[in-house]
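Inside the fold
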Amino acid sequence: KPAYRVKAMAYWLRDLELERYSLEFAKNARGNFLESISEIRDEDIHRLIEWKDDQEKMKCAVKDMSEFQLYFSTTASLVDDLMMDKYGHLFLTHDIPIDMIPELTDAKLQAIGITSSKDRAAILVGVEKMKTEFPEVCSSAK
């Protein structure tokens, strides 16, 4: 919703103590809030913000928000791949933290109560994807 996007942007700018630029950013906002933040370029910042200190603050905030957006979308994908919406409670019940997921096997998944061979196979595909996309998490399990 457009009203939410503008409000979210205004609150974010307020938290950054850059609320005096709310109107300019609201006029230039595109898409949803997170997408519009990650699309802000240095030239946009220089055009919309006059003070150098404020420009630097905004550059840091945009970088942080872009990293958050990447983390959020990657995490959402990982949750889908590992079927956490369906089996997350079993991972919690059996105290399986994220850094132990790379060690999961078909037998371990069956032992914690995932009876569907199709679901276990899908989760193991997600585990392999995790090993490829998040090697730093997987190496900490060793």
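Residues numbered from 1 in each chain as written. Predicted model: local features only at pLDDT ≥ 70, side-chain atom pairs only at ≥ 80, totals over all residues. Heavy atoms only, no water.

1. A closer look at the overall build of the protein
Going by this rule: Only DSSP runs of H or I reaching four residues or more are called helices, and only runs of E reaching two or more are called strands; each is numbered from the N terminus. Contacts between residues were defined by any pair of non-hydrogen atoms, one from each residue, lying within 4.5 Å. Using a 1.4 Å probe, the Shrake-Rupley method yields the accessible areas, and only the shown protein chains count as cover for residues.
Secondary structure summary: the protein contains nine helices and zero strands in total. Along the protein, helices and strands appear, N-terminal first, in the series α-α-α-α-α-α-α-α-α. For the protein, the proportion of contacts with a sequence separation of at least 24, taken over those separated by at least 6, is 57%. Surface accessibility of the protein: about 9100 Å² in total, with carbon and sulfur atoms responsible for 58%.

2. Topic: unusual backbone geometry
Threshold: Using a 1.4 Å probe on the protein chains alone, a residue whose accessible area is under 20% of its type maximum counts as buried, one over 50% counts as exposed, and one in between counts as partly exposed.
In this structure, methionine 83 is a non-glycine residue whose phi angle is positive, near 55 degrees. With respect to the helices and strands, methionine 83 occurs in the loop between α5 (52–81) and α6 (84–93). Notably, aspartate 95 is not glycine yet its phi reads approximately 50 degrees, a positive angle. Tracing the backbone shows aspartate 95 in the loop between α6 and α7 (106–111). By relative accessible area, aspartate 95 is classed as exposed at 65%.

3. A short note on the environment of leucine 23
Note that leucine 23 resides in helix α2 (residues 22–28). By relative accessible area, leucine 23 is classed as exposed at 57%. Note: C-alpha distance between leucine 23 and alanine 10 (13 residues apart in sequence) is 8.3 Å.

4. A short note on the confidence of the model for the protein
Formally: As a per-residue measure, pLDDT tells how confident the predictor is, with possible values from 0 to 100.
Of all residues in the protein, 82% attain a pLDDT of 70 or more, and the chain-wide mean is 83. When mean pLDDT is compared element by element in the protein, α7 scores highest at 96, while helix α9 (residues 135–140) scores lowest at 62.

5. Things to note about the side chain of aspartate 119
Within the secondary structure layout, aspartate 119 lies in helix α8 (residues 117–133). When near neighbours in sequence (up to four residues on either side) are disregarded, aspartate 119 contacts Met83, Lys86, Tyr87 and Ile114.

6. Some points on the side chain of arginine 120
Counted only if it meets this: Whenever two N or O atoms come within 3.5 Å, that pair is a polar contact, provided that in protein one can donate a hydrogen and the other can accept it, and provided that, for residues adjacent in sequence, both atoms are side-chain atoms.
Looking at the element boundaries, arginine 120 is found in helix α8. Within the structure, the side chain of arginine 120 is placed 2.9 Å from the backbone oxygen of threonine 115, a separation counted as a polar contact. Among residues more than four places away in sequence, those in contact with arginine 120 are Asp106, Leu109, Gln110, Ile114 and Thr115.

7. Description of the pattern of salt bridges
Heads up, the rule is: We define a salt bridge as a side-chain nitrogen of Lys or Arg found within 4 Å of a carboxyl oxygen belonging to Asp or Glu.
Considering all chains together, one arrives at ten salt bridges under this definition. Where glutamate 17 meets lysine 57, a salt bridge forms, and the shortest distance between an N and an O atom there is 4.0 Å. Residue glutamate 17 is found in the loop between α1 (2–15) and α2, and its partner lysine 57 is found in helix α5; the two are separated by 40 residues along the sequence. For lysine 57, a relative accessible area of 32% translates into the label partly exposed. Close ionic contact of glutamate 128 with lysine 131 constitutes a salt bridge, the shortest N to O distance being 3.2 Å.

8. Regarding α8
Selection rule: A helix is expected to reach a length of 1.5 Å times the quantity of its residues less one. To obtain the arc, one takes the directions from the helix axis to the C-beta atoms.
Taking 1.5 Å per residue as the helical rise, α8 with its 17 residues ought to reach 24 Å, and the 24 Å between its terminal C-alpha atoms agrees with that figure. Looking only at α8, the buried set comprises Asp119, Arg120, Ile123, Gly126, Val127 and Met130. Projected onto a plane normal to the axis of α8, the buried residues spread over an arc of 120 degrees and lie on a single side. The outward face of α8, more than 90 degrees from its buried face, is lined by the exposed residues Ser117, Lys118, Val125 and Thr132.

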